[in-house]
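Here is what each chain is made of, one letter per residue.
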Amino acid sequence: RLLSVLRRRCDMAGKRLSGPGLAAEGGVLRAVLYVYHSRLLRHRPYLALQQVEQCLKRLWKMNLVGCLETLVELIPKKNASKAHAECLVPSQPMLETVALKVLGGCKLILRLLDCCCKAFLLSVKHLCSKEFILLNTLASGLLSRLWSVIQYRCVLQALTSLYSTLSTTLHLVSETQQTPYIKGFTFPSDISDFLGVNISSEAKKQKAKMLTAKKSTSWMKKLFPPMPEAVSKVGKKRKSETCTSAVKNRSIPCAVDIGETVV
C-alpha cells in the first residue's frame, strides 16, 4: 500500500515539475534577458532577473524529474505485488538519493519564489520611478506569472508530500536491510524543520507584499488616460458591426481592424 502511494506521489510531483507553465515562463525570461543584456548590465531589476534565471537553471540541471521517473520504474506494479507474497522494493541508496534531491529541490524552489518576489518589488519600484517603463512592466508581469505557476500548481506542496512518503519508506527499508549510501547526513523526519519556514505562511506574506506593490502603479493611469465616451461609443459600434458581419460570413478578414479606436 505504501509503495502504491509513493508511485502516485512521484507521478504527481513529476507532472507538476514538467508542466508547460514553468518551461514557458523560463523561456520568456531567457529571451528577455538576452534582449536587454547589452543595455542594462548594471540595472538592479535586470540583475534580480538574472538571479531568478539562475535558480531555474539549477532546478533543471538537478534532473529531479528524471530521478523520480527512475524511482517509479523500480516500484513494482499492483499486479506483481498481488501475484507474489514477496516483491522487490527500491534499495536504500536509491531512496536516499531521491530523498536528498527532493530536499534540495524544495530549498531551491523556496529560493526561486523569494527571488521572484524581490525582483518583482524592485521592478515595481523602478517602474514608479518611471525608469525603463517597458522592461519593468514586462518583468513585473513575467515574475508574477512565474510565482503564480509555482504556487498555484502546488509544485512545492507536491514535493513536500512526496518527501513524507519517501521518509517512511526509507525508514522501513533501512530497518529490513541497512545499506546506507549517504553518510554524515541525517534525513529529517519532518521537511518543515529542514526548510526552516512554514510554506503556506511564507507564500501568504509574499503574496501580500506583491499585491501592495501593485497598488503603487496607479500613476500609469495618468500616462494612459481613459478613452473619451464619444470615441469609446464609436469604437464599440464599429466593433459590434464588424463582429456581426464576420459571423454572417463565418470568417474574419485579416484586413479588418476589429479593435477600438486609439486616441
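Residues numbered from 1 in each chain as written. Predicted model: local features only at pLDDT ≥ 70, side-chain atom pairs only at ≥ 80, totals over all residues. Heavy atoms only, no water.

The protein is annotated in an unreviewed UniProt entry as NEPRO protein of Donacobius atricapilla.

## Side note on the overall build of the protein
We count it as follows: Put simply, DSSP H or I for four residues or longer makes a helix, DSSP E for two residues or longer makes a strand, and each gets a number counted from the N terminus. When accessible area is computed with a 1.4 Å probe and restricted to protein chains, residues below 20% of their type maximum are described as buried, those above 50% as exposed, and intermediate ones as partly exposed. The contact criterion used is simple: two residues touch if any of their non-hydrogen atoms lie within 4.5 Å. Accessible surface area values rest on a Shrake-Rupley calculation with a 1.4 Å probe, where residue burial reflects the displayed protein chains alone.
The helix and strand inventory of the protein stands at 12 helices and zero strands. Going through the 263 residues of the protein one by one, you find that 40% of them count as buried. Taking all contacts inside the protein whose residues are at least 6 apart in sequence as the whole, residues at least 24 apart take part in 84%. When the accessible area of the protein is evaluated, it comes to approximately 16200 Å², of which 57% is carbon and sulfur surface.

## A short note on the pattern of salt bridges
To keep it simple, the criterion reads: Here, a salt bridge means any side-chain nitrogen of Lys or Arg that lies within 4 Å of a carboxyl oxygen of Asp or Glu.
Under the definition given, this model contains three salt bridges. Put simply, D114 and R111 hold a salt bridge, and the shortest N to O gap is 3.8 Å. One end of the pair, D114, and the other, R111, are both in helix α6 (residues 92–128), three residues apart, so they sit about a helical turn from each other. Residue D114 is classed as partly exposed on the basis of its relative accessible area of 23%. Residue K118 is joined to D114 by a salt bridge in which the shortest nitrogen-to-oxygen separation is 3.3 Å. Residue K118 and its partner D114 are located together in helix α6, separated by four residues, close to a single helical turn.

## Notes on the layout of surface pockets
For the record, the criterion: Every definition here rests on a 1 Å grid over the protein atoms only: cavities are sets of points where a 1.4 Å probe fits but cannot get out, pockets are open sets enclosed by protein on both sides within 12 Å along at least five of seven lines, and lining residues have some atom within 4 Å of a point. Grid points are joined across faces, edges and corners, and a volume is the space filled by probe spheres set on the points. By the convention adopted, Pro, Cys, Tyr, Trp, Phe, Met, Ile, Leu, Val and Ala count as nonpolar, Lys, Arg, Asp and Glu as charged, and the other residues, Gly among them, as polar.
Considering only enclosed or pocket space, the largest pocket measures out at about 380 Å³ in volume. If you trace the largest pocket, you find 15 residues lining it, with V89, P90, L172, V173 and T176 closest to the centre. For the lining of the largest pocket, the secondary structure elements donating two or more residues are α1 (2–17) and α8 (155–176). If you tally residues by element for the lining of the largest pocket, the top one is α8, at four residues. Split into classes, the residues belonging to the lining of the largest pocket amount to eight nonpolar, six polar and one charged.

## Section: unusual backbone geometry
Residue N63 is not a glycine yet carries a positive backbone phi of 55°. For N63, a relative accessible area of 44% corresponds to the partly exposed category.

## Things to note about the environment of L122
Tracing the backbone through its elements, the reader meets L122 in helix α6. Separated by 77 residues in the primary sequence, L122 and P45 place their C-alpha atoms 5.6 Å from one another. Not counting the four nearest positions on each side in its chain, L122 is found in contact with R44, P45 and A48.

## Some remarks on the packing of helix α3 (residues 44–61) against α6
What counts here: Whenever a helix is involved, its axis is fitted only over the stretch in contact; in every case the axis is a line through C-alpha atoms, and angles between N-to-C directions fall within 0 to 180 degrees. Working definition: roughly parallel below 35 degrees, roughly antiparallel above 145 degrees, roughly perpendicular at 65 to 115 degrees, and oblique for all remaining angles. With the far helix as reference, a near helix turned anticlockwise by less than a right angle produces a left-handed crossing, and one turned clockwise produces a right-handed crossing.
Between α3 and α6, whose axes approach to 9 Å, the crossing angle comes to 160°. Judged on the interaxial angle alone, α6 and α3 are roughly antiparallel. α6 is crossed by α3, and the crossing has left-handed handedness. Where α3 approaches α6, its residues R44, P45, A48, L49, Q51, V52, C55, L56, R58 and L59 are matched on the opposing element by G105, L108, I109, R111, L112, C115, C116, A119, L122, S123 and H126. Classifying every residue of the contact of α3 with α6 by side-chain character gives 14 nonpolar, four polar and three charged.

## Section: the nonpolar core
How we decide: The criterion is simple. A nonpolar core is a set of buried Ala, Val, Leu, Ile, Met, Phe, Trp, Tyr and Cys residues joined through side-chain atoms within 4.5 Å.
Residues V52, V102, I109, L159, L162 and L166 are the most contacted members of the largest nonpolar core, which totals 64 residues. When contributions to this core are tallied by element, the ones reaching two or more residues are α1, α2 (20–35), α3, α4 (64–74), α6, α7 (133–152), α8 and α9 (191–195). When residues in this core are grouped by element, the largest group, 18 residues, is from α6.

## Some words on empty space enclosed by the protein
Under the criterion given, the structure shown has one cavity of 30 Å³ or more. Considering only enclosed or pocket space, the largest cavity measures out at about 30 Å³ in volume. Along its surface, the largest cavity is lined by G26, L29, R30, E53, L56, K57 and W60. For the lining of the largest cavity, the secondary structure elements donating two or more residues are α2 and α3. Among the elements that make up the lining of the largest cavity, the one with the highest residue count is α3 (four residues). Residues belonging to the lining of the largest cavity are distributed by class as follows: three nonpolar, one polar and three charged.

## Digging into the packing of α1 against α4
Relative to each other, α1 and α4 sit at 155°, their axes nearing to 9 Å. Taken together, the axes of α1 and α4 are roughly antiparallel relative to one another. Two packed elements cross with a definite hand, and for α1 against α4 that hand is left-handed. Between α1, through R7, C10, D11, A13, G14 and L17, and α4, the contact on the second element is made entirely by L64, V65, L68, L71 and V72.

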